Amino acid sequence: MHSTKFELTFASADEQHFHTALKQASQDYLQSKHDHVYASKTDIAVVIILFSIAILCYLPTLFTSSVLTYSLSYFIFVLLIMFLNVIGQHDACHNTLFKNSWKNRVFGRLVTLPLGLEPEFWRTRHVHYHHHFANIEDYDLDTEENGIFRQTPFQKWRPFMKYQHIYWPFIASFSLTWIALVFDWSDRTGKTRLKDKKVLAGKKGWALFITSKIGHLLLMLGFPLLFAHEHGISLTAIFVTYILSQMIASIFVIYLLLGTHWAETEFFTAPEDKQIKHGWYHHNFVTACDWIPTPHCLWRLTGGLNYHLTHHLFPNWHHRHYPALAKILGELATQHNMPYRCIRYNELVAAQIRFLKKMGEKPH
């Protein structure tokens, strides 16, 4: 039986043969390449180079007198940082970017600072809740009821939600701001399940949290107000650029993530006995899918997030391995009658819209 060390367990199921075959095939692949599960030197070099370029793009915002130069430099900086979160921080929170966990933590704090997010809270939500309890009501914190979207069949319906398939991009553009202002502070003040994990506990935890929040405000608003404003950039331009950059960054990542757990997937509630009635592998197959961009080479820009089901089954592998692992997964799934799905991006978006429409209908 595959179980977690958390509150829910998954039932014993006839998945052992599939598990053994998948583990053996993945290890054979790794050995044939004489490789390891972490990022390659090239991947790390790319991340470091992009981070350096992002810093260089930020510097002109402090010295230019041109609003156009200020806005473009600022936007490019934020988008590069968001891109680094996609191709680097996601791996870092799973400890696969660097072999040393402290390096992953430091990198995560650096690249989330411009976005205003607390990386330790995000890592805990993602690794310890979403990955273990995907699409399980009240356990998957990524699909918590928010009163704006109806994300599961078990959440309260409101009349305006019949338009959620139309307004979702606008609301999604504030997702980073929502995480920074609502999720982070709810987690920090012990109002969520993260209280049990004692993340950033004690005075040191509070100090690091507050320092990071102040650091974000200084970097993204304080320094521009202190330097750029002195060079003639208006207060309006500074604040509008800040807000729009956060919105654009939010849209960038949301378009990569949302549909992977909405596209023709299943949703569950936790039984009273805390025993999910199906196996762990089955659960992952019916709550996520892989998708392929066109052209396929663009998968590198997603940080492997398009191989989302593969990632859920191999969370401790760097995303550079996902195309090979997805091929292995697809072949073994066919042999063992597992419901593996790999769709195109346009199919993913279409399925997402259908899901939002369905969830927006008034329940009978």
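Criteria and cut-off values
Residues numbered from 1 in each chain as written. Predicted model: local features only at pLDDT ≥ 70, side-chain atom pairs only at ≥ 80, totals over all residues. Heavy atoms only, no water. Helix = DSSP H or I, 4+ residues; strand = E, 2+ residues; numbered from the N terminus. Expected span 1.5 Å × (residues − 1). Buried < 20%, exposed > 50% of the residue type's maximum accessible area, 1.4 Å probe, protein only. Contact = heavy atoms within 4.5 Å. Axes fitted to C-alpha atoms, helices over the stretch in contact; angles between N-to-C directions. Parallel < 35°, antiparallel > 145°, perpendicular 65-115°, else oblique. Left-handed = near helix turned anticlockwise from the far one by under 90°. Nonpolar A, V, L, I, M, F, W, Y, C, P; charged D, E, K, R; others polar. Polar contact = N/O pair within 3.5 Å; in protein donor to acceptor, adjacent residues only side chain to side chain. pLDDT = per-residue confidence, 0-100. Salt bridge = Lys/Arg side-chain N within 4 Å of Asp/Glu carboxyl O. Phe/Tyr/Trp six-rings, centres within 6.5 Å; stacked < 30°, edge-to-face > 60°. Lys NZ or Arg CZ within 6 Å of the ring centre and 35° of its normal.

Draft legend 1. Inspection of helix 12 (residues 322-335) at higher detail. Taking 1.5 Å as the rise per residue, helix 12 with 14 residues should run 20 Å; its terminal C-alpha atoms sit 20 Å apart, in good agreement. Among the residues of helix 12, Tyr322, Leu325, Ala326, Ile328, Leu329, Gly330, Leu332 and Ala333 are the ones counted as buried. Structurally, helix 12 contributes buried residues whose contacts are with helix 1 (16-32), helix 10 (280-287), strand 3 (290-292) and helix 11 (308-313). Directly after helix 12, the chain includes asparagine 337, whose backbone phi takes a positive value near 60°.

Draft legend 2. Region of the structure containing the packing of helix 1 against helix 12. It is at 10 Å that the axes of helix 1 and helix 12 come closest, and there the two elements cross at 150°. Put simply, helix 1 runs roughly antiparallel to helix 12. In the crossing of helix 1 with helix 12, the sense of the turn from one axis to the other is right-handed. Side by side, helix 1 and helix 12 meet where Phe18, Ala21, Leu22, Ala25, Ser26 and Tyr29 of the first sit next to Ala324, Leu325, Ile328, Leu329, Leu332 and Ala333 of the second. When the residues that make up the contact of helix 1 with helix 12 are grouped by side-chain class, the tally is eleven nonpolar, one polar and no charged.

Draft legend 3. The arrangement of the environment of tryptophan 280 in detail. Position of tryptophan 280 among the secondary structure elements: in helix 10. Classification of tryptophan 280 as buried rests on a relative accessible area of 11%. In the structure, tryptophan 280 is positioned 16 residues away from glutamate 264 in sequence and 18 Å away in space, judged by C-alpha atoms.

Draft legend 4. Summary view of the side chain of aspartate 187. Turning to its location among the elements, aspartate 187 is positioned in helix 7 (residues 175-188). Within the structure, aspartate 187 has its side chain in polar contact with the side chain of threonine 192 (distance 2.6 Å). Among residues more than four places away in sequence, those in contact with aspartate 187 are Phe121, Arg125, Thr192 and Leu194.

Draft legend 5. Up close: the confidence of the model for the protein chain. Per-residue confidence for the protein chain gives a mean pLDDT of 93, with 98% of residues at or over 70. Confidence, expressed as mean pLDDT per element, reaches its minimum in the protein chain at strand 1 (residues 9-10) with 90 and its maximum at helix 2 (residues 41-58) with 98. Note that pLDDT drops below 50 for residues 1-5; the model gives that stretch eleven contacts with residues more than four away or on any other chain.

Draft legend 6. Fine view of the pattern of salt bridges. All chains considered together, the criterion is met by eleven salt bridges. Each of Asp35, Asp43, Arg300 and Arg320 takes part in salt bridges that share partners, so that together they form one network.

Draft legend 7. Quick peek at helix 8 (residues 202-228). With 27 residues, helix 8 ought to run about 39 Å at 1.5 Å a step, and its terminal C-alpha atoms sit 37 Å apart, in line with that. Within the span of helix 8, buried status applies to Gly205, Phe209, Ser212, Lys213, Gly215, His216, Leu219, Met220, Leu221, Pro224 and Ala228. Contacts made by the buried residues of helix 8 are with helix 2, helix 3 (67-93), helix 4 (101-112), helix 5 (119-130), helix 7 and helix 9 (235-257).

Draft legend 8. A look at unusual backbone geometry. The residue after threonine 294, namely proline 295, is reached through a cis peptide bond having omega -5°. With respect to the secondary-structure elements, proline 295 resides in the loop between strand 3 and helix 11. Backbone geometry at lysine 198 places phi at a positive 55°, although glycine is not the residue there. Here asparagine 337, not a glycine, exhibits a phi torsion of approximately 60°, which is positive. Relative to the helices and strands, asparagine 337 is located in the loop between helix 12 and strand 4 (342-344). In this structure asparagine 337 comes out as exposed when scored by relative accessible area, which is 70%.

Draft legend 9. View of the packing of aromatic side chains. Counting across every chain of the model gives 21 aromatic pairs. Three or more aromatic residues link up through ring pairs in this structure, and these residues are Phe18, Trp280, Tyr281 and Phe285. Geometry around phenylalanine 209 places arginine 188 over its ring, the cationic atom sitting 5.9 Å from the centre. Residue placement shows arginine 193 over the ring face of tyrosine 139; its charged tip is 4.3 Å from the ring centre.

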